[in-house]
Amino acid sequence: MDLGQAKAFLAANHHSVLVARKADGSPQPSPVVHGVDGDGLVVVSSREAAYKVRNLRRDPRVSLCAFTDSFFGSWVVAEGSAAIVSLPEALDGLEALYRQVAGEHPDWEEFRRAMERERRVLIRITVERAGP
């Protein structure tokens, strides 16, 4: 599978499991909702204190297994490296991710306050390999 096909699938299907690595090298899977940003990077919202964020800051290697809403059927595994963008720089990307996955928010000011209150970050994944 080429990267273009993988990114098209990732842009159309937003449910996935992100796999970071614990300090001992063992996998640390997390169910997430992802999107694809304007730069072609896979993006995920998380909290600053989340284990996946701490693990990715230490070791940016990441795998993401994405699947359709029905779970059974087509799926893609994307592998690459992650960068963590913290607030306030993450806010525009968090808004774009929300729009892509859920549409317009009824109160964008409340959305921004919630992102700050929850100490949200944006995980940006550069996809280097994809399959199956």
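What counts and what doesn't
- Residues numbered from 1 in each chain as written.
- Predicted model: local features only at pLDDT ≥ 70, side-chain atom pairs only at ≥ 80, totals over all residues.
- Heavy atoms only, no water.
- Helix = DSSP H or I, 4+ residues; strand = E, 2+ residues; numbered from the N terminus.
- Rg over C-alpha atoms; globule rule 2.2 N^0.38 Å.
- Pairing = 2+ DSSP bridges.
- Axes fitted to C-alpha atoms, helices over the stretch in contact; angles between N-to-C directions.
- Contact = heavy atoms within 4.5 Å.
- Buried < 20%, exposed > 50% of the residue type's maximum accessible area, 1.4 Å probe, protein only.
- Arc of directions from axis to C-beta.

(A) Local environment of the overall build of the protein chain. The helix and strand tally for the protein chain stands at four helices and six strands. Helices and strands appear in the protein chain in the N-to-C order α-β-β-β-α-β-β-α-α-β. For the protein chain, the C-alpha radius of gyration of 14 Å lies close to 14 Å, the compact-globule estimate for 132 residues. Once the C-alpha set of the protein chain is aligned to its principal axes, its extents read approximately 40 × 35 × 25 Å.

(B) Quick peek at the sheet that holds strand 2 (residues 27-36). What the six strands build is a closed barrel, ordered 1-2-3-6-5-4; its pairing is antiparallel. Adjacent strand axes in the sheet meet at a mean angle of 40°, parallel and antiparallel pairs treated alike. Bridge count for strand 1 (residues 15-21) against strand 2 is seven bridges, and the pairing is antiparallel. Across the sheet, residue S16 finds its bridge partner in strand 2, namely V32. Against the sheet, helix 1 (residues 3-12) touches strand 2, strand 3 (42-47), strand 4 (61-67), strand 5 (75-85) and strand 6 (120-131), its axis set at about 140° to strand 6. In the packing of helix 3 (residues 91-102) onto the sheet, contacts are made with strand 2, strand 3 and strand 6, and the angle to strand 2 comes to roughly 80°.

(C) Structural view of the environment of P27. By secondary structure assignment, the location of P27 is in strand 2. Residue class for P27 comes out exposed when judged on its relative accessible area of 54%.

(D) Highlighting helix 4 (residues 108-117). Burial in helix 4 covers these residues: W108, F111, A114 and M115. Taken down its axis, helix 4 places every buried residue within 115° of arc, on the same side. Across from the buried face of helix 4, at angles greater than 90 degrees, the exposed residues are E116 and R117. The inward-facing, buried residues of helix 4 abut helix 3 and strand 6. R119 sits one or two residues past helix 4 and shows a positive phi near 55°.

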